[in-house]
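Coordinates in review
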Amino acid sequence: MSKVKGSRILLRHRDIPKLDKLDVYLEDGGFESFKKAVTKMKPDKVTEIVKDSGLRGRGGAGFPTGVKWSFIDANNWPHYVVANADESEPGTFKDREIMEQNPYQFFEGVMLSAYAIQANDAYIYLRGEFWDLAHELDKKIKKLEKSGYLGKKLFGTDYSLNLYTHLGAGAYICGEETALLESMEGKLGQPRLRPPFPPSFGLFGKPTVVNNVETLANVPLIIEKGAKWYRKFGTERSPGTKVFSLSGNVNKPGNYELPLASTFRELIFKHGGGIPDGHAIKAIMAAGASSSLIVANDEALDTPMDYESVQNVGGMLGSASVIVIDETVDISWLVNKTVHFFKHESCGKCTPCREGVFWMSHLTERIDNGSGSREDIVLLQDVANNIQGKCLCALGDFSTQAVVTGIERFPEDFKAKVSPNQAARIKINE
Amino acid sequence: MLRPGALMRGMWTTFKSMFEKPVTVMYPQVKRPVSKRFKGRHELKRYDNGLEKCIGCALCAAACPADAIFVEASENTDEQRYSPGERYASTYEINFLRCIYCGFCEDACPTEAIVLGDNYELSYTNRSEAIYTREMLLVPVHPSAAPTPQKVAPGTFDRPIPEMEDPD
Amino acid sequence: MSELVKNEAAQNMVTLTIDDHTMSVPEGTLVVDAARSIGLDIPVFCYHPKMEPVGMCRMCLVEIGTPMRDRTTSEPILEDDGSPKIQFFPNLMTGCTFRASEGMVVRGYTEKVTAARKEVLEFLLTSHPLDCPTCDKGGECPLQNLTMQFGDGESRFIYDEKMHSAKHVALGDLIFLDRERCIQCARCTRFQDEIVDDQVIGFSNRGRALEIVTFSDPGFDSYWSGNTTDICPVGALTTADFRFGARPWEMNASASICNHCAVGCNLTFNTRREVKSGGEKIIKRVMPRQNEAVNEIWICDKGRFAYHFTASDQRLNQPLIRKDGKLVPSSWELALDLVTSRFKNAGENLVTLAGGRLSNEDLFNLAELSAHLGGDALLYSDMAGGDLVSRLGVGEGTNFSDMGPETAILVVACNLEEEAPLWWLRIKQAAERGAKVIVANPRKTKLDRSAIHNLRYEYGQEAGLVTALLSAISPKQPKSPAFVNKLAKDKEVKAAAKALSEAENTVILFGSEGTSYAASAALAQACANLLIASGHIGRPNNGLIGVWDKGNAQGAWDMGLRPSEDLDAALKTSQAVYISAADPAGDSKQYASALKKADFVVVQELYMTATAELADVVLPAQAFTEREGTYTSGERRVQRFYPAVPSLPDLLPDFGITAEIAGRLGLELEKTAPASVMLQIAEVVPDYAELTYQKLAKVEKQFPLIGREDVYYGGTSYQNSQGLGVQLKPAAQNGDSPVLVITELPEVKLSGEELLAVPVTRLLDLGNTVTPSEVLVTRLAKPHVALHPQDAEKLGVEWGSKVKLILNGSTQTVLVEFDNSMPHGVVLVPRSLGIPIISPTPATIKVL
């Protein structure tokens, strides 16, 4: 039986040394779930258990995983599983730790999901910068093939499964599942129009399940210990544990696996060791660069971090990449940084994102370097609002989150940077 | 009915005017200055560096209610540059028998190239003389500037439409 | 007919409301198309009715609502007044990707929607250079028009912060890209991928730096590149030909028909007065004109760019008479009198030889004159079977756009994209709709990609292959040569025969890949036999199509002209030869020497061709762009063309010159009004009975709606208001029941070291009407031959090297290209490249 200490389901390697070695993982009961599923369970049953567990996608959207699997089109074959390991969100570094330290549990999750939808090929799409990690994973996949966990006619059944890694070329947008699929097909990484969604029209036009690394890493233990066990962690609507990537102005940044609905205060102050140099906390970005700026007051700090509650304080849990911002940080600087990131990463497919983010970057740059005017702040807000709700994929909206909430919740930081009249702008015009 | 008083008053006016300064001038020896907004014969303007302002867009021809303007455009090269942008008017003709001096062409011009000038002394002995070509309409090059076409260094002019001094 | 209407029978109709207009459309129709079908505007940039939607530009955002349903009972929820309660999506939705469903309500002009349009336009303009005054698209630009309609008058973006990109990028020799103007709508790249399957351009980079690049060498290597400039919603893609040529509003539009191949694409000539033409009108550009049954809204680059011949200074402009061995200018009177007297003397020994680019009216008068004297009226062509096409041609109402899974299409001995590009496109699209395309050709062609069966045979066996298909369908055929029996046993041939015979509709297109006149005759008859045996005649979407080498070859057959089986002998033995629009001396030295032997040669031409050089009298004719007339396409659609530019002074149309000669010989023919000639044709030629110019000028509503006002939707292709033409009924549709005619199958034998030189067709050849187009020069094929790489290796010939080709006793230096899909022992010689070849001939290649 797999050992679980406290609430560490995914980061078990911290409790079990050398879990990244196949023999250690096997000793711990590894691949028992997969073997059990392939030899004794019907594919639907696997989906059923995952559905019952209430596991929600850890990539950001929080869509129920089992439900996604059940959407797969049974009249169109073959099926594919793609693990989204394009971990590109600034402030997110959880998948990397899982794949580096606890890779077999992740593999087993991929394999279980492949079995659940009867896919014979599963892919792991890694961001281009993870080339060394991909190399390691390839070696481990080879080992699994040799040990009979991958390949043809597994465990004497008719079920065959191959696992491949695929490196991206370094684009944030390829973390969006349809852009990822385009990239895997060898095309320009741009999101597809949805619907149709990947479960009906995915990789090479075939039904495909795309899941985040962390999501899949949950699956082996859910299958082993059951949905009920999994539901002991977290809340009714957000069950399970979550790896929170903590970064920014904290004493102990890093990954922390906590049950969902732990509070920000617990994460930042109990586990993260508080703010350095005794500064006061000012704001929180709960989902990396694409999140809104949450004013870090007591109400916010005591908010449980689950998919629903974070929305109450004007944020999103997303991939749970908590960036802590203390009072020394100028929000207009932060917003400028964020917008520049999105300008660099916009794929250019749809107009509002391609042109709007480019425009916003001019405005935030001007405001940040002190040559902006009050009019520019109003314009920036307007441009951001005009982008919202008009884009092809979510990236466009993401790019505006920090801008809109920054200006709305921290207006002083912006006003302080600009000259009170419009003279500055005219000066630029000349 | 004859009224001697009225007659006398009229005669007095005539007599008085004999001593007034005449309103007419001895044209053509003497020419009266035209008003600031006078609309006379057109001129095609140049920039200070001698390049032509006209980009051959033919918006003047489109605006012309009398269909008096005809424009053909060609492409500038750095070897042979007439105007700062990508294109220039290789043919520019105004038929002054048709022109009604309304100034719409001036309004339509995006580069302030065509301007109605002060010259009102237009006379022709045959119809084809009334057609003024590009060479006739272009203002002379300032002595300090080079005539067109100019040879310029590549990349000097990379704007599609040259920047304007006073866009408003 | 329209795709919208066409689908009505097959699909469920749904009722939706767009801005208070309620309409009924097939389920699944896109909201923008539904709006457009009744003339409502939902502006778009990236969407194009001929392509799959992508929803990129976000211009078509509208409010969309659907009837609310009770979650448990799924009963519609009603408002207090009994009308269904509509639930609108919280966000604006893209009308170009949303499909109509029952009860849908679309709001296209609410405050929210107009604000969104304004905002999207503002975004687009932030990176746009705003150089409308110098932009070739200015005046017919969707971005300009929609900005005027929906945009803001003021810019909030600082001009100095605009991104600057390359403005004058030559994507290829024909197309320029302005990267600043590009709005990244991907219409051009999708056109190249989805519609014409030439993936030679695409996006590079990302975000604001996303830009169009070409992957091919030479750049933008496609026969279809010009169409991207029509559908580009801004001035990013413009043609090299029209660069700064004129402002769109300054030009007049004249309807015409392309005569470069047998498709008969509908064109519009844009004309304008120019200084260089002495103030006369000249053609500035060629645009496609919508005819959904012929060319839809596309044309190939040959049709678009090879029009400069009209304005060429090489045009003949006065009659010439040979005096003391030299051709000297003469008056029309003198020249015509001379011609008349010699023709009178020749009597039935007059040979009339006409080219397939003449109009029906010209050909009719020529045939009448020839008949009056009792001479032979010959069509200058290496292809046979026009008589079969008039009997078994495709039925009235045939339209490639209607063909789907129930149709089989056999294309035999034809490199279709080279011989008739638009038919390639339309058959490719039919294949995408499920039509079963079978390609039979000795080597690979682009249509192979769309085919379910690719049949290979040796050059010379084309008729044999079709006969093999026939014997696979009906085994009781007379004894065939061994190679036919062998082909008939081939698995692919059997499968293809099954597909052909089982299909509800079958169309056969035969081309001229490697065929002589005799081979072409055997091939056409074999194709006819196959259609008769399988019963695929006399109905729409069934029958035979000749992929003729000239635009009006079918018209020439219909007017009674026939190719000669032995032109050489016919020329030699004549007393007088009357050649119009043909250059036999230029094509073959044999013909040239035959002409030298002829007593008296009259050449009626546009240029001083090699044949004209040999003439005793040269009569200059008007180009088809200078006059009116009709052409008959390979699908036997008679279409009208109209004068676009004034004629050169003192020139007459071909039918007029013929009528002048005829008049002097005592035969009254119509000399001024082509419409009157058509009335005579209608009297004499049964298939053309009741045809009038009025009928040919009729139009009906086509979908997608194309027009000058809504360039944003379909592009700048012209609306057809001058006539869709009339498709003739073949005899088989009029009750004629043809029988199989079994002909002997020709076979070519080779000896020893020789290669078999076979004539093939290249689209961009060096034809008389093509070479005057300067812009095309670099794209035209150079005099070359193609070899199999292994044959080349044996000969020690490298790719691109020069070799000596010895053919018919004459030697020529040509370039060598390789084609690894062609058979061994063969050298492909493209026609009209100055290498004389009219039929498969033994040849030798020597390394230089």
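Everything quoted here is computed from the prediction, not taken from an experiment.

With that out of the way, let us pick up the overall build of chain A. Along chain A, the regular secondary structure elements total 18 helices and nine strands. The C-alpha atoms of chain A give 22 Å as radius of gyration, which agrees with the globular expectation for 430 residues (22 Å, within 12%). Here the C-alpha coordinates of chain A stretch approximately 80 × 45 × 35 Å along the principal axes. Expressed as a percentage of the 430 residues in chain A, the buried residues total 57%. Counting contacts in chain A only where the partners sit at least 6 residues apart, residues at least 24 apart contribute 70% of the total.

Next up on the list: the confidence of the model for chain B. In the predicted model, chain B carries a mean pLDDT of 90, and 95% of its residues have values of at least 70. For this predicted complex, the interface confidence score (ipTM) comes to 0.93, while the overall pTM stands at 0.94.

Attention now moves to helix α16 (residues 517–534) of chain C. The terminal C-alpha atoms of α16(C), which comprises 18 residues, lie 26 Å apart, in line with the 26 Å expected from a rise of 1.5 Å per residue. Immediately downstream of α16(C), the backbone of C:G535 shows phi near 75°, a positive value.

A word on the environment of A:N75. Residue and element names in this part refer to chain A. Tracing the chain through its elements places N75 in the loop between α4 (65–70) and β1 (80–85). Looking at N75, the number of C-beta atoms within 10 Å reads 6, which means it is exposed. Each C-alpha atom of the pair N75 and L55 lies 26 Å from the other, and the pair is 20 residues apart in sequence.

Here the focus is the arrangement of the chains. No other pair of the two pairs of chains in contact has as many contacts as chains A and C. Over all C-alpha pairs, chain A and chain B never come within contact, reaching a minimum spacing of 11 Å.

Moving on, we get to the interface of chain B and chain C. Facing 16 residues of chain B, the contacting portion of chain C comprises 12 residues. Only α2 (59–63), β2 (69–75) and β3 (87–95) of chain B provide two or more residues apiece to the side of chain B that touches chain C. It is β2(B) that provides the largest number of residues to the side of chain B that touches chain C, a total of four residues.

The peptide bond linking A:P195 to A:P196 adopts the cis configuration, its omega dihedral lying at 5°. Positionally, A:P196 belongs in the loop between α8 (177–184) and β4 (208–212). Put simply, C:D217 and C:P218 share a cis peptide bond, and its omega is 5°. Structurally, C:P218 can be placed in the loop between β10 (211–214) and α6 (225–231).

A common way to express how large an interface is: the accessible area buried when the components associate. Taken together, the contacts link 25 residues of chain A with 26 residues of chain C. Of all the elements in the fold, those that place two or more residues in the side of chain A that touches chain C are α13 (331–345), α14 (351–368), α15 (374–387) and α18 (423–429) of chain A. Within the side of chain A that touches chain C, the residues separate by chemical class into 11 nonpolar, nine polar and five charged.

What follows concerns the nonpolar core. Counting 366 residues, the largest nonpolar core has C:V44, C:V412 and C:C527 as the members making the most contacts within it. Considering every element that reaches this core, the biggest residue donor is α16(C), with 11 residues. Sequence-distant contacts of C:C527, defined by excluding residues within four places in its chain, comprise C:V412, C:V466, C:I508, C:F510 and C:L544. Residues B:A58, B:C60, B:I69 and B:C105 belong to the second largest nonpolar core, which totals 29 residues.

Attention now goes to the sheet that holds β4(A). Residue and element names in this part refer to chain A. Strands sit in the order β3-β2-β1-β4 across an open sheet of four strands; the sheet is parallel. Because the sheet does not close on itself, it has two edges, and the strands there are β3 (162–167) and β4. Across the sheet, the mean angle from the axis of one strand to that of its neighbour is 20°, orientation sign disregarded. Where strand β2 (residues 121–126) lies against β3, six bridges are found, and the strand directions are parallel. Bridge pairing in β3 places L126 opposite L167. Against the sheet, helix α6 (residues 103–116) engages β1, β2, β3 and β4, with an angle of about 150° to β1. Sheet strands touched by helix α9 (residues 213–230): β1 and β4. Its angle to β4, the strand with the most contacts, is close to 95°.

With that out of the way, let us pick up the packing of helix α3 (residues 43–53) of chain A against α9(A). Residues and elements named next belong to chain A. Where α3 meets α9, the axes come as close as 8 Å, and the angle between the chain directions of the two elements is 50°. Relative to α9, the element α3 is oriented oblique. In this structure, the crossing between α3 and α9 has a hand that is left-handed. Facing V46, I49, V50, D52 and S53 of α3, the residues of α9 in contact are V219, I222, I223, G226, A227 and Y230. A per-class count over the contact of α3 with α9 returns eight nonpolar, two polar and one charged.

All names here are of chain C. On the basis of which strands lie adjacent, the closed barrel formed by six strands has the order β30-β34-β31-β33-β32-β35 and mixed pairing. The sheet shows a mean angle of 45° between the axes of neighbouring strands, direction not considered. Both strand β31 (residues 784–787) and strand β34 (residues 826–830) contribute to a ladder of two bridges, which runs antiparallel. Its bridge partner lying in β34, L787 is registered against V827.

The subject of this paragraph is the domain arrangement of chain A. Per the domain assignment, the segments of chain A are domain 1 (12–230), domain 2 (241–326) and domain 3 (331–429). With 10 residues of domain 1 of chain A in contact, the opposing surface of domain 3 of chain A contributes eight residues.

This paragraph deals with the pairing of strand β5 (residues 241–248) of chain A. Residue and element names in this part refer to chain A. Burial runs high along β5: seven of the eight residues are buried. Following β5, the chain reverses through five residues before pairing antiparallel with strand β6 (residues 254–259). Bridging between β5 and strand β9 (residues 321–326) involves four bridges; their strand directions are parallel. Of the residues in β9, the one forming a bridge with S247 is I323.

Residue and element names in this part refer to chain C. With their axes 9 Å apart at the nearest point, helix α8 (residues 332–346) and helix α22 (residues 654–664) run at an angle of 60° to one another. In terms of orientation, α8 lies oblique with respect to α22. Crossing of α8 over α22 shows right-handed handedness. Taking contact as the criterion, the partners of L336, V339, T340 and F343 in α8 are, on α22, E660, I661 and R664.

Definitions and cut-offs
- Residues numbered from 1 in each chain as written.
- Chains lettered and ligands numbered in written order.
- Predicted model: local features only at pLDDT ≥ 70, side-chain atom pairs only at ≥ 80, totals over all residues.
- Helix = DSSP H or I, 4+ residues; strand = E, 2+ residues; numbered from the N terminus.
- Rg over C-alpha atoms; globule rule 2.2 N^0.38 Å.
- Buried ≥ 20, exposed ≤ 12 C-beta atoms within 10 Å, placed from the backbone.
- Contact = placed C-beta atoms within 7 Å.
- pLDDT = per-residue confidence, 0-100.
- Expected span 1.5 Å × (residues − 1).
- Nonpolar A, V, L, I, M, F, W, Y, C, P; charged D, E, K, R; others polar.
- Core = buried A, V, L, I, M, F, W, Y, C linked by C-beta atoms within 7 Å.
- Pairing = 2+ DSSP bridges.
- Axes fitted to C-alpha atoms, helices over the stretch in contact; angles between N-to-C directions.
- Parallel < 35°, antiparallel > 145°, perpendicular 65-115°, else oblique.
- Left-handed = near helix turned anticlockwise from the far one by under 90°.
- Domains from an automatic or database assignment.

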